[in-house]
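Remarks on the overall topology
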Amino acid sequence: TDVEVLERRFPVVVRTFGVRRGTGGRGTHRGGDGAIREIEFLRPASVSILSQRRLVAPPGADGGEPGTCGRQWIVRRDGSRDAIPGVAAIELAAGEAIRIETPGGGGWGARPGASG
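Only a predicted model underlies this, so the values are computations on that prediction, with no experimental measurement involved.

Next up on the list: unusual backbone geometry. Positive phi, normally seen in glycine, also occurs at arginine 53, with a value near 60°. With respect to the helices, strands and loops of the structure, arginine 53 is situated in the loop between strand E3 (45-50) and strand E4 (71-75). Here arginine 53 falls in the partly exposed class, since its relative accessible area comes to 36%. Although it is not a glycine, aspartate 62 adopts a positive phi angle of roughly 50°. Relative to the helices and strands, aspartate 62 resides in the loop between E3 and E4.

Pasting the structure below:
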């Protein structure tokens, strides 16, 4: 969802929206990097997350290396963080945020000089 649409439709502020650099697996063709989104809630909210590739990395293909696993956590008002699993329903207070870092894609093809 576009930042402008999200902030217009819901009582939230998008703190971060960007690329998670270096998370794609290496290979002849590097896997795509994941994304980062950190969303602050301006009112108490019930939030659900249904995500994959949090425990097992996205595999590479034809000799490519796997991408980096995704992760997510709650950012409390005091700045502390609590990790949350890939499938969860949580309650957030006003001023708290959720940070979601999506996995990077697996690379394709063995790199020159790589064994395997």
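In this section: the side chain of glutamate 96. Looking at the secondary structure, you find glutamate 96 in the loop between strand E6 (87-92) and strand E7 (97-101). Side-chain polar atoms of glutamate 96 contact the side chain of arginine 76, separated by 2.9 Å. Sequence-distant contacts of glutamate 96, defined by excluding residues within four places in its chain, comprise Ile39, Glu40, Phe41, Val75, Arg76, Arg77 and Glu91.

This part takes up the environment of threonine 68. Here threonine 68 shows up in the loop between E3 and E4. Residue threonine 68 is classed as partly exposed on the basis of its relative accessible area, which comes to 31%. Residues threonine 68 and glycine 106 lie 38 residues apart in sequence; the distance between their C-alpha atoms is 8.1 Å. Apart from residues lying up to four places away in sequence, threonine 68 is in contact with Arg20, Gly22, Thr23, Pro58, Pro103 and Gly104.

We now examine the side chain of arginine 54. Among the structural elements, arginine 54 can be located in the loop between E3 and E4. Despite its burial, arginine 54 remains without a salt bridge, the nearest opposite charge being carried by glutamate 101 at 8.8 Å. A polar contact of 2.7 Å, which involves the side chain of arginine 54, links it to the side chain of glutamine 72. Leave out the neighbours within four places in its chain, and arginine 54 touches Cys69, Gly70, Arg71, Gln72, Gly86, Ile100, Glu101, Thr102 and Pro103.

Every second residue of E6 is oriented toward a common face, the buried set being Ala88, Ile90 and Leu92 and the non-buried set Val87, Ala89 and Glu91. Note: E3 against E6, six bridges, orientation antiparallel. Residue pairing across strands places alanine 45 opposite leucine 92, the latter belonging to E6.

With that settled, consider the pattern of salt bridges. In this structure the tally under the stated criterion is nine salt bridges. The shortest N-O distance in the salt bridge between arginine 15 and glutamate 38 comes to 2.9 Å. Here arginine 15, found in strand E1 (residues 12-20), pairs with glutamate 38, found in strand E2 (residues 34-41); they are 23 residues apart in sequence, far enough to count as distant. Close ionic contact of arginine 99 with glutamate 38 constitutes a salt bridge, the shortest N to O distance being 2.9 Å. In this pair, arginine 99 sits in strand E7 while glutamate 38 sits in strand E2, placing the two residues 61 residues apart along the sequence. Of the residues examined, arginine 99 reaches a relative accessible area of 13% and is grouped as buried. Salt bridges sharing common partners tie together Arg15, Arg20, Glu38, Glu40, Arg71, Arg99 and Glu101.

Cut-off values and rules
- Every chain's residues receive numbers from 1 upward, in the order its sequence appears when written.
- Per-residue local features are limited, in this predicted model, to residues with pLDDT of at least 70; the limit for side-chain atom pairs, both in listing and counting, is 80 or more; totals at the level of whole chains, interfaces and linings are taken over all residues.
- For the side-chain quantities, the full set of heavy atoms in the structure was used; hydrogens and water were omitted.
- Strands here are runs of E lasting at least two residues and helices are runs of H or I lasting at least four, both read from the DSSP assignment and numbered beginning at the N terminus.
- Burial status follows relative accessibility: with a 1.4 Å probe on protein chains alone, a residue under 20% of its type maximum counts as buried, one over 50% as exposed, and anything between as partly exposed.
- Here a polar contact is taken to be a pair of N or O atoms separated by no more than 3.5 Å, where protein atoms must pair a possible hydrogen donor with a possible acceptor and residues adjacent in sequence count only if both atoms sit in side chains.
- Contacts are assigned to residue pairs that have any heavy atoms within 4.5 Å of one another.
- As used throughout, the charge tally considers Lys and Arg to be positive and Asp and Glu to be negative, leaving His and the chain termini uncounted.
- The term salt bridge refers to a pairing of a side-chain nitrogen on Lys or Arg with a carboxyl oxygen on Asp or Glu at a separation within 4 Å.
- Strands pair, by our definition, only if DSSP identifies at least two bridges between them.

On their own, these measurements won't tell you what the molecule is for.
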